[in-house]
Amino acid sequence: MASELEPEVQALDRSLLECSAEETAGKWLQATDLTREVYQHLAHYVPKIYCRGPNPFPQKEDMLAQQILLGPMEWYLCGEDPAFGFSKLEQANKPSHLCGRVFKVGEPTYSCRDCAVDPTCVLCMECFLGSVHRNHRYRMTTSGGGGFCDCGDTEAWKEGPYCQKHELNTSEIEEEEDPLVHLSEDMIARTYNIFAIMFRYAVEILTWEKENELPGDLEMAEKSDTYYCMLFNDEVHTYEQVIHTLQKAVNCTQKEAIGFATTVDRDGRRSVRYGDFQYCEQAKSIIVRNTSRQTKPLKVQVMHSSIVAHQNFGLKLLSWLGSIIGYSDGLRRILCQVGLQEGPDGENSSLVDRLMLSDSKLWKGARSVYHQLFMSSLLMDLKYKKLFAVRFANNYERLQNDYVTDDHDREFSIADLSVQIFTVPSLARMLITEENLMTIIIKTFMDHLRHRDAQGRFQFERYTALQAFKFRRVQSLILDLKYVLISKPTEWSDELRQKFLEGFDAFLELLKCMQGMDPITRQVGQHIEMEPEWEAAFTLQMKLTHVISMMQDWCALDEKVLIEAYKKCLAVLMQCHSGFTDGEQPITLSICGHSVETIRYCVSQEKVSIHLPVSRLLAGLHVLLSKSEVAYKFPELLPLSELSPPMLIEHPLRCLVLCAQVQAGMWRRNGFSLVNQIYYYHNVKCRREMFDKDIVMLQTGVSMMDPNHFLMIMLSRFELYQIFSTPDYGKRFSSEITHKDIVQQNNTLIEEMLYLIIMLVGERFSPGVGQVNATDEIKREIIHQLSIRPMAHSELVKSLPEDENKETGMESVIKAVASFKKPGLTGRGMYELKPECAKEFNLYFYHFSRAEQSKAEEAQRKLKKQNREDTALPPPVLPPFCPLFASLVNILQSDVMLCIMGTVLQWAVEHNGYAWSESMLQRVLHLIGMALQEEKQHLENVMEEHVVTFTFTQKISKPGEAPNNSPSILAMLETLQNAPYLEVHKDMIRWILKTFNIIKKIRQSSSTSPVAETEGTIMEESSRDKDKAERKRKAEIARLRREKIMAQMSEMQRHFIDENKELFQQTLELDTSTSAVLDNSPVVSDMTLTALGPAQTRVPEQRQFVTCILCQEEQEIKVENRAMVLAAFVQRSTVLSKNRSKFIQDPEKYDPLFMHPDLSCGTHTGSCGHVMHAHCWQRYFDSVQAKEQRRQHRLRLHTSYDVENGEFLCPLCECLSNTVIPLLLPPRNIFNSRLNFSDQPNLSLWIRTISQQIKALQVLRKEESTLNTASSKSSENMGELKLPEGFRPDFHPKNPYSESIKEMLTTFGTATYKVGLKVHPNEEDPRVPVMCWGSCAYTIQSIERILSDEDKPLFGPLPCRLDDCLRSLTRFAAAHWTVASLSVVQGHFCKLFTSLVPNENHGDLPCILDIDMFHLLVGLVLAFPALQCQDFSGISLGTGDLHIFHLVTVAHIVQILLTSYTEENGMDQENPIGEEELAILALHKTLRQYTGSTLKEIPSGWHLWRNVKAGIMPFLKCSALFFHYLNGVPSPSELEAIGTSHFEHLCNYLSLPNNLICLFQENSEIMNSLIESWCQNSEVKRYLEGERDAISYPRESNKLIELPEDYSSLINQASNFSCPKSGGDKSRTPTLCLVCGTLLCSQSYCCQTELEGEDVGACTAHTYSCGSGVSIFLRVRECQVLFLAGKTKGCFYAPPYLDDYGETDQGLRRGNPLHLCKERFKKIQKLWQQHSITEEIGHAQEANQALVGIDWQHL
Ligand SMILES: [Zn+2]
Ligand SMILES: [Zn+2]
Ligand SMILES: [Zn+2]
Ligand SMILES: [Zn+2]
Ligand SMILES: [Zn+2]
Ligand SMILES: [Zn+2]
Ligand SMILES: [Zn+2]
């Protein structure tokens, strides 16, 4: 259908293009009815431009629209060519000093923690970099889209509101200047006209709801039958559902469906079918039918194409308006005027109102277009911003209601603009006073929570799904309230007071509905059947926490407001609890001659609620009265006389008793919901407006009543009254009915009650309660957190309450209390408590959880022991109370308190049975300590002539009265001091008695108040005690010394392990697992060691024993023994690749014989070094396989390894492995023994001999194949062939290895072949041996690179596992030919050899520029035995090795000379010309000769020699490693040390002349002919003529890409990155490949591709091309490193970016500035270079099974 339309469309285009913008504009200028003219124009052209087919053509549409539709408007507006008109406007315009840049999704934004008025004030990157905040404490986040840069907004910043760029514009600005003065009258009029028409048109068409009919003045004469089936976005259906449905409904491919779904998700709608009405209706009904089953169906409309066309143009028009007003502030103002002008229908009829009110009916794309227009117009104009704010506030209720019922996220709702308006302090204040905004918000919010119980309280129980959904959405209103309150007024007008208090009233109404909600009753007998709903209530509380605090902050600012608020709050509280005593008979309690009346109430039997926001708000206000001293200044204005302390304390006390009872296990049957509620009640997120305020309320109560009365009520609520009021307490133990559980329960309750009293007296660190300031409070919190253990910055932040600006205030005090310890390579930076702060430690700090308390106690006691102090943890000295709370301390010396203390001590003295507890005693001791501290303080600070009324010491010295006649508290303490069962508390008791004496002395010296004489001397230690103490001290010293030695030893051990695992992460089990034997020990002393050739150093045969990790049996490695194997992991690798765009196209046809010098795809073998019997491993692997099969049948669980692919975990270290390598003795020795070494041929002769042998073989092969094809004749022809002397091609050597070893040789060879080529295993394939040699060469090369990069010596101490791996791998590769077909290996040898020494039969072989010489060397050396074994002429294997090595070295030198650039860098030689330099100049000349002088002339032999030496080093090093492991010759000690290049030592070890050029000179004849053949290759010529590239030497090591120092520049880079597939869209998960630097659009449908028949995400796809299956990424927006291997393996890894506190920020949640940590990045690079990524993933997945379940392939 589309194709038929094409010619027609093109014809149409031509006619369209003739339409002239200038002429049209001219016509409009003449028009009498401009609106009609314009509408006619639009009616005619819009449908001709937009929506001409099933798919949009955005470029063409835009082009035509500009020409025909927008062009005329621009001409009209300017009155001349807009190209001139607009630039004139721009010049005349005084640019705004506001930045106003609207943020894209993912763009970095910056806020200043020092200067931003609230956290919503942000800067764009450009402004930030030019601002003063760069050097402040800034916070960095990525924008979710929407919102704009606040640069230039003086209300947003306390300091530095302008960046450098925007500051320039401020100088000449007079704030209230009318921007219209810069425009001519005419222009204003024209702009007004055209804006009014266009804006109205856009609003009309976008809000148009009919599907088949246009507004009258746009209707066309003839209407085609063309419709769109339009699919809309919703938040209910998933991507998969939509894609699936579309495939069915419109019969499209999956790819198209994904495209549709992506657009629908992004733009909010997309046509999925184009055609006649019927055709579209049909698709609609299928979609609706298919999606209506479980949920509400997808929204689909069949719309006439002309409507869609006009709507598309409407959107275009709005963006156009947005860009036009950018030219001039005057135009912007006119647009604002037009938008806000009231229409003919009065109220809410302006265009802006109309758009806002139909917001929820618009699709996503339309919404964001007009929201952006609002932001760039209304919010950028100071005058209209206010007017708009008023409109917004007026419509607030409707907008919010629309939002709550809509299902789109808030960022797509106009309601979200509240943050832009309400956070502007002046606007917020204006809206409060003029529009009563506070009240509106709160009332709107309450309207949505209609579900109430009989008392009018909120009820969340039995919420329907819809109600729950609404509840979630309506919470955003609380956020709005927060925005309004966030900046506090600096001055109050009467209106503001009045409206604020009105809002406060509404707020109290809200809190009243929460007071007492979700009441609970203790469950007895049965466990509750269903956990009651509790989360909703807590969510509400949590969301309101900041608002409640801010309300108090506001009240604190104005005395009048505070007084009024206090009264109102008290009134509401009284309403809530009016008649809380009703219907109950009061009861009378009495102890120690005091009595009080109270109600009968048991928490354990009646309803109780955790939610008491009204009480708590009152507590907060009460503290403010104290803090602001209003309580003393205007007592007459306060309703203090109305306060009834028992009423105030009642509910908070119940709540605290509830917590105690839960602790005592009395509420077990109420299930987890209660436990959770109690948890949150104390949690840092809630406690400030819950638990903390309950404590304050009790403190308020106690300070206003007789402490004896308070204590009795408290005893009664704790249900402990009986125990303490009954004089004969002994009874409670003797009673037989007393159950053990009950005793336990009561003990806990007593402990909890004592703890509560400690808190009431001790918690005076809120300003207003005690005489402290806010910093003291934070300091104290931090001290107590750090008393538990050293903590990282983020941990500390998490443990502190944040204010509405997300600040904890920690930075201002942390330095005073803690010292910072920097992080190492892992871990985080830590804060440690300063020792001098330890004295402020309070064991009963009220924010400790039980676990924290006991950890802190342990830590502090340990610390004291280390400092050799006694271990008592006495209460710290406290700041004094504020006067309003001052009388509170008397609770400590009240009679009832003394009675409670005495009782507990008495129990401890008698200690009969389990009816008391040590913690109970500990708390009493603490309380006594507190009282003593208090008294001491009072005495020390006493004013002259004042009498200290706090006489605790006096009271505890008095014995009890009759009838008890109990001893005094002091006496009991003395008794307890020697109680053997109280060893732990002795230090504390001693401290108490000491302090008591000090006080006594102070009293005596001042003698203001004589202390009663205490009996006996207390502190005089008897000599016996002294002895004991001395002995104890000595024992302690001895113990400490022992501990120190132990610590040193374990430190040394740790060091040892650390150092040895340097190169490889894995710990090495040295004793059990390695085969490391005496191999490296210098058996041969002092002489020069030679690794190969006839002169090879003979090493006495070493016997080697290893232990199997599976059966623990020891066995010797011998050719005839059973095979021992190492677990190994073979993987493809591109780590050394110099060409990442190259990969194996068709693995079945790929020939790996010659490795290209770009090393583009190698095969790496690694091993953990753990040894097993081959058969033990077989058995183990079979069992793994069987287990996996069973598991797969049961549940489809993934494992971290892929058994089907032969993967398993090493049974010892769980290292990922996929095959095993057999352990072998040096295989050369087996074949070498039969030969003597005299009379060996020289290189020329040897080459000639080998060439002859090869020729003979080639003839034989040819004959064989012809014989085979033709009917076979006898082999008599063979005899005719003249065989070289001693060459017996019919000889087949016997394989010396045992069956078991042979089997393992085949196993590992096949595995290497399978993995390396990614093909099905086939042990017969001729490429198997080639792959084995290749893996050996590649692995050696990669290790040589690592060693060189780290400046490590070649034969330095390698980790065992590496040493073992290289040895086994080399020896295996050398032995593999014995299990391969002899003729195949000979064939390989011939080809490899011919590549250097050509013969007439050679086929198409690569030129020497395209061969990696080390791979060639390894291949030749390892294939050679297959030829040599048939040679009986007396040439030894060693001779062959040496000549092969020399030949390849020579070729490599030529290769280097051909490819080396000799930069004339002015560096000149220092020494006179040496022998090497003359020689190399001569060689270079020869080369020039053979290349026909295309090779550049080099004047300096010095440069050449230097290049050759540098270029050949890696090759020589690799060769040294190779021959070392092959032949087992120990390494020369010089090469074991770090130092310079060791060129000479290497040459000696490798049997090379130090002057390498001698190799040419000694064999000049044959060399010249070889050089000639190499140089005359056509590829070499092409290279020299510059027609192709070649690798030059030395190859540089590959590194990961360079990362910027500042993380935000990465974020910025990523935010500019758009998805490469969906035209200009921002990618949601931009991900950076750290290997090649490509940015990818990860984890998204748009960029999925097919790989091996499966859909994979962009990262996985990239992994295959860039890293042959393994790669490292950085997820930029998450700040997280991602390791991927294959399709199923992956893990996240800590990023190399740290904040100033030495912590990473995965997920970018904290937003602290992040900087590159080079060491950590190096560590990641090392993992990559060592091929340990897959292993790392394996370990991560084993440690965290959740990682296994992630769909890595979709990333
Ligand atoms: Zn900006
Ligand atoms: Zn700026
Ligand atoms: Zn700042
Ligand atoms: Zn075994
Ligand atoms: Zn292992
Ligand atoms: Zn994409
Ligand atoms: Zn890459």
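Now for the overall build of the protein. For the protein, the helix and strand inventory stands at 66 helices and 25 strands. Within the protein, buried positions represent 57% of all 1755 residues. At a minimum sequence separation of 6, the contacts of the protein that also span at least 24 residues come to 77%. When the accessible surface of the protein is summed, it comes to about 75,900 Å², and 50% of that surface belongs to carbon and sulfur atoms.

Before going further, it helps to spend a moment on the coordination of the zinc ion (ligand 4). The zinc ion (ligand 4) binds to the protein through Cys1108 (SG), Cys1111 (SG), His1173 (ND1) and Cys1176 (SG); the donor distances cover 2.1 to 2.4 Å. Around the zinc ion (ligand 4), the four donor atoms are arranged such that angles at the metal cover 94 to 119 degrees; this shape is classified as tetrahedral. Mapped onto the sequence, the residues coordinating the zinc ion (ligand 4) show the spacing C-x2-C-x61-H-x2-C. With cysteine 1108 in the loop between strand 10 (1105-1107) and strand 11 (1114-1116) and histidine 1173 in strand 13 (residues 1162-1173), this pair connects stretches of sequence that are 65 residues apart. Take cysteine 1108 and histidine 1173: they sit in the same class, and that class is buried.

With that settled, the discussion passes to the pairing of strand 3 (residues 227-232). Within strand 3, six of the six residues are buried, which leaves the element mostly enclosed by the surrounding structure. In strand 3, alternate side chains face the same way, and those of Tyr227, Cys229 and Leu231 on one face and Tyr228, Met230 and Phe232 on the other are all buried. As judged from the six bridges shared by strand 3 and strand 4 (residues 269-275), these two strands associate in the antiparallel manner. Across the sheet, the residue bridging to leucine 231 is arginine 270, located in strand 4. Of the pairings in the sheet, the one linking strand 3 to strand 5 (residues 300-304) comprises five bridges and is antiparallel in character. From the neighbouring strand, tyrosine 228 faces strand 5, where its bridge partner is methionine 303.

All right, on to the side chain of threonine 808 then. Inspection of the secondary structure assignment puts threonine 808 in the loop between helix 36 (793-799) and helix 37 (810-817). Threonine 808 sits in the buried class, given a relative accessible area of 11%. Discounting residues that sit within four places of it in the chain, threonine 808 has contacts with Ile778, Val797, Leu800, Pro801 and Glu802.

Across the protein, the average pLDDT comes to 86, with 89% of residues at or above 70. Below a pLDDT of 50 lies the segment residues 1008-1023, which in the model reaches 25 contacts outside its immediate sequence neighbourhood of four places, other chains included. Across residues 1271-1279 the pLDDT falls below 50, and counting only partners more than four positions away or on other chains, this stretch makes four contacts in the model.

Let us now look at the environment of isoleucine 324. Relative to the elements of secondary structure, isoleucine 324 occurs in helix 12 (residues 305-324). Considered as a pair, isoleucine 324 and glutamate 74 are 250 residues apart in the sequence and their alpha carbons are 8.8 Å apart.

Moving on, we get to the sheet that holds strand 4. With respect to topology, three strands assemble into an open sheet ordered 4-3-5, the strand pairing being antiparallel. Either end of the sheet is taken by a strand with one partner, and the two such strands are strand 4 and strand 5. Direction aside, neighbouring strands of the sheet carry axes that sit 30 degrees apart on average. Strands in contact with helix 12 are strand 3, strand 4 and strand 5; relative to strand 5, the strand with the most contacts, it is inclined by about 95 degrees.

With that out of the way, let us pick up the packing of helix 31 (residues 707-717) against helix 39 (residues 895-910). Their axes nearest at 7 Å, the elements helix 31 and helix 39 cross at an angle of 50 degrees. Relative to helix 39, helix 31 is oriented oblique. The segment helix 31 lies against helix 39, with Asn708, Leu711, Met712 and Leu715 engaging Asp895, Val896, Met897 and Ile900. Partitioned by chemical class, the residues of the contact of helix 31 with helix 39 number six nonpolar, one polar and one charged.

Before going further, it helps to spend a moment on the coordination of the zinc ion (ligand 2). The protein atoms that coordinate the zinc ion (ligand 2) are Cys127 (SG), Cys151 (SG), Cys163 (SG) and His166 (ND1), at distances spanning 1.9 to 2.3 Å. One way to put it: the four donor atoms around the zinc ion (ligand 2) meet at angles of 99 to 114 degrees, and that makes the site tetrahedral. Counting gaps between the donor residues of the zinc ion (ligand 2) yields the pattern C-x23-C-x11-C-x2-H. Separating the zinc ion (ligand 2) and the zinc ion (ligand 1) is a distance of 4.3 Å, and cysteine 127 donates to both of them. Of the two residues, cysteine 127 is situated in helix 6 (residues 125-129) and cysteine 151 in the loop between strand 2 (138-144) and helix 7 (164-167); the sequence distance between them amounts to 24 residues.

The end-to-end C-alpha distance of helix 38 (residues 850-866) is 24 Å, a good match for the 24 Å that 17 residues give at a rise of 1.5 Å each. Among the residues making up helix 38, those that are buried are Gln853, Ala856, Glu857, Gln860 and Arg861. Down the axis of helix 38, the sector holding all buried residues measures 125 degrees, keeping them to one side. For helix 38, the exposed residues set more than 90 degrees away from the buried face come down to Glu858 and Lys862. Buried residues along helix 38 sit against helix 34 (740-762), helix 35 (774-788) and helix 40 (918-940). Arginine 868 occupies a position one or two residues after helix 38 and carries a positive phi of about 55 degrees.

Let's shift gears to the packing of aromatic side chains. All told, the structure shown has 55 aromatic pairs when counted by the stated rule. Centroid distance tyrosine 110 to phenylalanine 128: 4.1 Å. Interplanar angle 5 degrees. Geometry classified as stacked. Here tyrosine 110 is found in strand 1 (residues 105-112), whereas its partner phenylalanine 128 is found in helix 6, with 18 residues between them in sequence. With a relative accessible area of 1%, tyrosine 110 lands in the buried category. Seen in terms of ring centroids, phenylalanine 1389 and phenylalanine 1424 are 5.6 Å apart; in terms of plane orientation they differ by 40 degrees. Their pairing is tilted. Linking phenylalanine 1389 in helix 53 (residues 1382-1396) with phenylalanine 1424 in helix 54 (residues 1413-1428), this pair joins segments that are 35 residues apart in sequence. Residue classification places phenylalanine 1389 among the buried residues on the basis of a relative accessible area of 0%. Aromatic rings pair up to connect Tyr370, Phe374, Phe388, Phe392, Tyr396 and Phe422 into one cluster.

Strands sit in the order 18-17-21-22-23 across an open sheet of five strands; the sheet is antiparallel. The sheet terminates laterally at strand 18 (1639-1641) and strand 23 (1689-1693), the two strands that pair on one side only. Across the sheet, the mean angle from the axis of one strand to that of its neighbour is 30 degrees, orientation sign disregarded. Where strand 17 (residues 1630-1633) lies against strand 18, three bridges are found, and the strand directions are antiparallel. The residue of strand 18 that forms the bridge with proline 1630 is cysteine 1641. Its contacts with the sheet place helix 65 (residues 1733-1743) against strand 21 (1670-1675), strand 22 (1680-1685) and strand 23, and it is angled at close to 80 degrees to strand 23.

Core analysis: the biggest nonpolar cluster contains 296 residues, and Phe195, Phe313, Phe388 and Phe500 have the highest contact counts within it. Setting aside chain neighbours within four positions, we find phenylalanine 195 in contact with Leu77, Arg200, Leu321, Ile324, Ile325, Leu331, Ile334, Leu335 and Val338. Membership of the second largest hydrophobic core comes to 157 residues, among which are Ile1343, Ile1480, Val1508 and Phe1522.

Our focus in this paragraph is the pattern of salt bridges. Counted under the stated rule, the structure contains 68 salt bridges. Residue arginine 137 pairs with glutamate 811 through a salt bridge whose shortest N-O separation is 3.3 Å. Taken together, the residues span a long stretch of sequence, with arginine 137 in the loop between helix 6 and strand 2 and glutamate 811 in helix 37 at a distance of 674 residues. A salt bridge links lysine 210 to glutamate 213; the nearest nitrogen and oxygen atoms lie 3.7 Å apart. Glutamate 213 gets classed as partly exposed once you look at its relative accessible area, which sits at 41%. Through salt bridges with shared partners, a single ionic network connects Arg113, Asp114, Arg137, Glu807 and Glu811.

Let's shift gears to unusual backbone geometry. Residue tyrosine 1593 is joined to proline 1594 through a cis peptide bond whose omega torsion reads -5 degrees. At glutamate 719, a residue that is not glycine, the phi angle is positive and equals roughly 60 degrees. Structurally, glutamate 719 is set in the loop between helix 31 and helix 32 (721-725). Here glutamate 719 falls in the partly exposed class, since its relative accessible area comes to 26%.

Scoring rules and cut-offs
For every chain, the first residue of the written sequence is number 1, and numbering continues from 1 along that sequence. Just so you know, chain letters begin at A and ligand numbers begin at 1, following the order they were written in. In keeping with the model being predicted, local features are shown solely for residues with a pLDDT of at least 70 and side-chain atom pairs are shown and tallied solely at 80 or more, while totals for entire chains, interfaces and linings include all residues. Based on all heavy atoms of the structure, the side-chain values leave hydrogens and waters out of the count. To qualify as a helix, a DSSP run of H or I must reach at least 4 residues; to qualify as a strand, a run of E must reach at least 2; elements of each kind are numbered from the N terminus. Three labels apply to residues, based on accessible area from a 1.4 Å probe with only protein chains included: buried if under 20% of the type maximum, exposed if over 50%, partly exposed otherwise in between. Pairs of residues are marked as contacts when any of their non-hydrogen atoms sit within 4.5 Å. The accessible surface values rely on the Shrake-Rupley method and a 1.4 Å probe; as for residues, cover is taken only from the protein chains in view. Listed donors are limited to N, O and S atoms within 2.8 Å of the metal, widened to 3.2 Å for Na, K and Ca; water is not among them, so incomplete-looking sites are possible. Four donors are marked tetrahedral only if all angles between them lie between 85 and 135 degrees, whereas four are marked square planar and six octahedral if opposite donors are more than 155 degrees apart and the other angles lie between 65 and 115; the remainder are marked irregular. Two strands pair under a simple rule: DSSP has to find at least two bridges between them. Along the chain, pLDDT gives the predictor's confidence residue by residue, from 0 to 100. Geometry is summarised by axes, namely lines fitted to C-alpha atoms with helices restricted to the contacting stretch, and by angles between N-to-C directions that run from 0 to 180 degrees. What sets the label is the angle itself: under 35 degrees gives roughly parallel, over 145 gives roughly antiparallel, 65 to 115 gives roughly perpendicular, and the rest give oblique. Residue polarity follows a fixed list, in which Ala, Val, Leu, Ile, Met, Phe, Trp, Tyr, Cys and Pro are nonpolar, Asp, Glu, Lys and Arg are charged, and the others, Gly among them, are polar. Take the number of residues in a helix, subtract one, and multiply by 1.5 Å to get its expected span. To obtain the arc, one takes the directions from the helix axis to the C-beta atoms. Between rings of Phe, Tyr and Trp, where Trp is taken as its six-membered ring, a pair exists when centres lie within 6.5 Å; planes separated by under 30 degrees are stacked, by over 60 edge-to-face, and by other angles tilted. As used in this record, nonpolar core signifies buried Ala, Val, Leu, Ile, Met, Phe, Trp, Tyr and Cys residues forming a set joined through side-chain atoms within 4.5 Å. By definition, a salt bridge exists where a carboxyl oxygen of Asp or Glu is found within 4 Å of a side-chain nitrogen of Lys or Arg.

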